[in-house]
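The chain contents come next:
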Amino acid sequence: MHRARLGILGVTLALLAAAAGMPAAHAESGWSLINMPRGVTNVSRQIYGLHMMAFWVCVGIAVVVFGVMIWSLVFHRRSRGAVADVTMVHNTKVEIIWTAIPVIILVCMAVPAARILVRINNNSHAQLNIRVTGFQWGWQYQYVGTPVSFISKLGYRSDQARELDSGINPDSVPHYLLTVDHPLVVPTGTKIRLLVTSVDVIHSWWVPDFGVKKDAIPGFINEVSFTVDPNKPGTYRGQCTELCGRDHAYMPVVVHAVSPAEFSAWLKQQEAQQKQGVNLSAQQASVQPPVTQPTG
Amino acid sequence: MAEPHVETTAHADHEHMPHGWRRWVFATNHKDIGTMYLIASCVMFFIGGAAAMVIRAELFKPGMQLVDPGVFNSLTTLHGLIMIFGAIMPAWVGLANWMIPLQIGAPDMALPRLNNLSFWILPFAFSLLIATFFVPGSAPAGGWTMYPPLTLQFGDSFPMLIFAIHLMGISSILGAINVIVTIMNMRAPGMTLLRMPLFVWTWLITAFLLIAVMPVLAGAVTMMLTDHFFGTSFFNAAGGGDPVMFQHIFWFFGHPEVYIMILPAFGVISEIIPTFSRKPLFGYEAMVYATASIAFLSFIVWAHHMFTVGLPVSAQLFFMFSTMLIAVPTGVKVFNWAATMWKGSLSFEPPMLFAVAFLFLFSIGGFSGLMLALVPADYQYHGTYFVVAHFHYVLVTGAAFAIMGAVYYWLPKWSGRMYDMALAKWHFWLSTIFVNVLFFPQHFLGLAGMPRRTPDYAVQFTDWNQVSSIGGFAFGLSQLLLPYIVWKCVRSGKRVEGNKAWEGAHGLEWELPSPPPFHSWTVPPSEALIARGAEH
């Protein structure tokens, strides 16, 4: 019996070691990716704080409850001569206590969660409104109040590499699956409201660093808002998170956050281009959804 | 004391027992039907598992190596449907068939022919479902949740999917009716409700949940069927319909469904832990009430699956609070199990090993569940591998581990033979180690930003995906031990001496010989026997 257990341990360690050795080829290690990003918006930071609070509460409960159980497993085993106390079947006082304590812990978690929820669902006083429309398989972005509108689809190199047996090593493609042809551009330090909808099936627009995930549903316009920290310009990447058909994995979200000055310059340039009808004419035609009416 | 009457019934049984294929096709005996359910469940477990193996193989590396993304989506969809409706639920119905009459002192289930029907619907339902892989277009690939409008896009497989769901629903409802009628009418005199073993209690509550929600699922898929074929617009926004309404209806079924899969597990754990702690269950009545509270709460938490669809803030608050409340009765259960082991005299035979692993690993699923209940945090977790990790901890190390524990607990009773204990311990340790290698890293993947239901991923997710896949292959392979152990036990296991296979076992099933006679309790057990079994 003892030998059997040692054998199992040996097999496990060998396999784990094999697993650890295998992926050494990657440029940047993924081993450290084990937690939610703190993110770069007011929303994402509050969510991260709540997440970590909930995590440590769970760890605390686990230490106590698992500790008690492990104590029993070690010290109350028959092989150590433990004799069962068969009279211990019920204890009202203890049972009330272990009903009440979880209630208190839950209230302590629910209050901050409710507060944050109400705060981050405040969509008023947005300084920039952008319509986000999902389709199979990409996103259309329209800057409300301007003629600027374009379609954002999976970047060319990723699109080549992701074909079955493409022969292209995904490691050789920068930001494989997380690049697009036309990223969304937003100003930092500005409250941005997204109006999210869809023209065919349900999609979900997600940028982990923003703490923003909203379903894009045909027939509905969902609102969500966020402000990127003024000192955190950069490129932020996410993906569709609602199964939307064959190419669900291939409609990433890429957002460039730039300073407000750069943003106005970019917007002016886009407007000018849009007026000339160059560059964006194809996309300007607005999203024509692929015909999705089911055929029997 | 049970010996003399058993010999006479065993003789009488012989005359009534049909032989050959008739015994199975025309089966009305609860044990035969229970056995068929368990075998069917095992077959479906391996079919669903094979789908999971392909999924994990494709996810071993970024880039596409094995299957088309559409096929991948079909595999995740079928894996979910097969494991839920084909593996977990039939296993519980099989255990209910086998154990409820034995445990309440009844000769058989109340409605034996209905019982036969409810089983024999299943092979047809699952043939239909699996046949969707071979029709033009593609197999259903919209996820087991079948959200429209996506699911409406599938061709010939769509009506087959709907019909298969209807059949599974009918089977479940018939099974549930049988369980309720049996428990309400067939208890031996003296077997009062609060003397029933917890497995019977949890199944009684589960059966009510089934009757309440399976028709809701049937309604939802029927509305989708008429949207597809008869021009209605229940879920079609272009026709004035509402795609979100499907999600409300689906999860009104779906959340109680989760408890349908886990409540009987609570029952099994409440049988196994006292036996191997050699101590009565702590807080029996609290366990019953906690089970009932969980069942009630399961009806008012459904929208926690939908926090990102754009519900009003007030609705999100309500569903967050109601969901968090579930932690209270669930906590009571875990504390009661811990208190049952406290000051016990523990030994670690395979059923107990699975029960102890259940306590720890199901609790981990509970912790991630609590985190998921917090709406702002759920905005980040929703639709990612964090959710996948959560529900696999609850359903694999929760429900499936409890089923395996139950099989190892009652197999000696069913077969009259003891299985290879060392091999069963191998099965346990391999399963427990690799199920964690398989699912624990998925928490990391989800938090780091990997969406679920994707056949491909950004390269930074490679490392943990490879660990997860290796765990998956090893876990999948180790499951082959289970049917081998059972087969070997039934063929050539050592005969069990006496009625009790386990020294600490209590309950009426342990007052019958092993294996029990073909017709279980032809004479009701005496009050004394019932009282002895119900010492809690």
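Sequence positions are assigned chain by chain, starting from 1 and proceeding in written order. Written order determines the labels here, with chains lettered from A and ligands numbered from 1. This being a predicted model, a pLDDT of at least 70 is required before a residue's local features are given, and a value of 80 or more before pairs of side-chain atoms are given or counted; all residues contribute to the totals for chains, interfaces and linings.

Chemist: Give a description of the overall build of chain A that names residues and reports values.
Modeler: Along chain A, the regular secondary structure elements total six helices and 10 strands. C-beta atoms are first placed from the backbone for all residues, and any pair lying within 7 Å is then listed as a contact. A separation of at least 24 residues holds for 69% of the contacts in chain A among residues at least 6 apart in sequence. Helix and strand assignments come from DSSP, with helices taken as H or I runs of at least 4 residues and strands as E runs of at least 2, each series counted from the N terminus.

Chemist: Now, about unusual backbone geometry: what can you tell me, with residues and values included?
Modeler: Residues other than glycine predominantly adopt negative phi, and peptide bonds predominantly adopt the trans conformation. Of note, the bond from Gln136 of chain A into Trp137 of chain A is cis; its omega dihedral lies within 30 degrees of zero at 0°. The residue Trp137 of chain A is located in the loop between β1 (128-135) and β2 (138-143) in this model. A cis geometry characterises the amide bond from Pro148 of chain B onward to Pro149 of chain B, with omega recorded as 0°. By the element assignment, Pro149 of chain B lies in the loop between α5 (112-131) and α6 (157-185). Positioned with a positive phi, Met146 of chain B is a non-glycine residue whose angle comes to about 55°. Within the secondary structure, Met146 of chain B is located in the loop between α5 and α6. Of note, the phi angle at Lys343 of chain B is positive, near 55°, even though the residue is not glycine. Residue placement: Lys343 of chain B occurs in the loop between α11 (327-341) and α12 (350-373). The exposure label follows from counting other C-beta atoms within 10 Å of a residue's C-beta, where the C-beta atoms are placed from the backbone and the thresholds are 20 or more for buried and 12 or fewer for exposed, leaving partly exposed in between. On the basis of neighbour count, Lys343 of chain B is assigned to the partly exposed category, with 19 C-beta atoms found within 10 Å.

Chemist: How would you sum up the sheet that holds strand β9 (residues 234-238) of chain A? Please name residues and give values.
Modeler: Residue and element names in this part refer to chain A. Pairing in this open sheet of three strands is mixed, and the strands run β4-β10-β9 from one edge to the other. Looking along the sheet, the strands with just one partner apiece sit at the ends: β4 (184-187) and β9. Sheet twist, expressed as the average angle between the axes of neighbouring strands with direction ignored, equals 25°. Two elements, β9 and strand β10 (residues 253-258), share five bridges in a ladder whose sense is antiparallel. Looking at β10, one finds that Gly238 is bridged to Val253. Of the strands in this sheet, β4 and β10 are in contact with helix α5 (residues 260-276), which crosses β4 at around 135°. Pairing between strands requires that DSSP locate at least two bridges from one strand to the other. Between the N-to-C directions of two axes lies an angle of 0 to 180 degrees, each axis being a line fitted to C-alpha atoms and, for a helix, fitted only over the stretch in contact.

Chemist: Describe the environment of Val201 of chain A, naming the residues involved and giving the relevant values.
Modeler: Residues and elements named next belong to chain A. Among the secondary structure elements, Val201 is positioned in the loop between β5 (191-198) and β6 (203-207). In this structure Val201 comes out as buried when scored by C-beta crowding, with 28 C-beta atoms within 10 Å. Each C-alpha atom of the pair Val201 and Gln142 lies 19 Å from the other, and the pair is 59 residues apart in sequence.

Chemist: Any chance you could break down the packing of helix α8 (residues 243-277) of chain B against α11 of chain B for me, citing the residues and the numbers?
Modeler: All names here are of chain B. One way to put it is that α8 packs onto α11 with a least axis distance of 9 Å and a crossing angle of 15°. Looking at the two axes, α8 sits roughly parallel to α11. For the pair α8 and α11, the crossing hand works out as left-handed. Facing α8, whose interface residues are Phe266, Ile269, Ile273, Pro274 and Ser277, α11 presents Lys333, Trp337, Thr340 and Met341. To sort the angles, those under 35 degrees are grouped as roughly parallel, those over 145 as roughly antiparallel, those from 65 to 115 as roughly perpendicular, and the leftovers as oblique. Put simply, a crossing is left-handed when the front helix is turned counterclockwise from the back one by less than a right angle, and right-handed when it is turned clockwise.

Chemist: Outline the sheet that holds β2 of chain A, supporting the account with residue identities and numerical values.
Modeler: Residues and elements named next belong to chain A. Strand order in the open sheet formed by five strands is β3-β2-β1-β5-β8, with mixed pairing between adjacent strands. Looking at the sheet topology across the chains shown, the edges are occupied by β3 (149-152) and β8 (222-227). Put simply, the sheet's adjacent strands are angled 25° from each other on average, direction ignored. Pairing between β5 and β8: six bridges, direction antiparallel. If you follow Val196 over to β8, its bridge partner there is Asn222.

Chemist: Summarise the interface of chain B and chain A; cite the residues concerned and give the values.
Modeler: Contacts between chain B and chain A engage 94 residues on the former and 96 residues on the latter. For the side of chain B that touches chain A, the leading source of residues is helix α15 (residues 421-448) of chain B, giving nine residues.

Chemist: A description of the nonpolar core should follow, citing residues and the corresponding values.
Modeler: Residues and elements named next belong to chain B. By size, the foremost hydrophobic cluster in this structure holds 262 residues, and its most contacted members are Ile88, Ile269, Phe358 and Leu374. A per-element tally of this core places helix α14 (residues 385-415) first, with 22 residues. Ile88 has contacts with Met83, Met261, Leu395, Ala399 and Ala400, leaving out every residue within four places of it along the chain. Connectivity within a nonpolar core runs through C-beta atoms within 7 Å, and the core itself is a set of buried Ala, Val, Leu, Ile, Met, Phe, Trp, Tyr and Cys residues.

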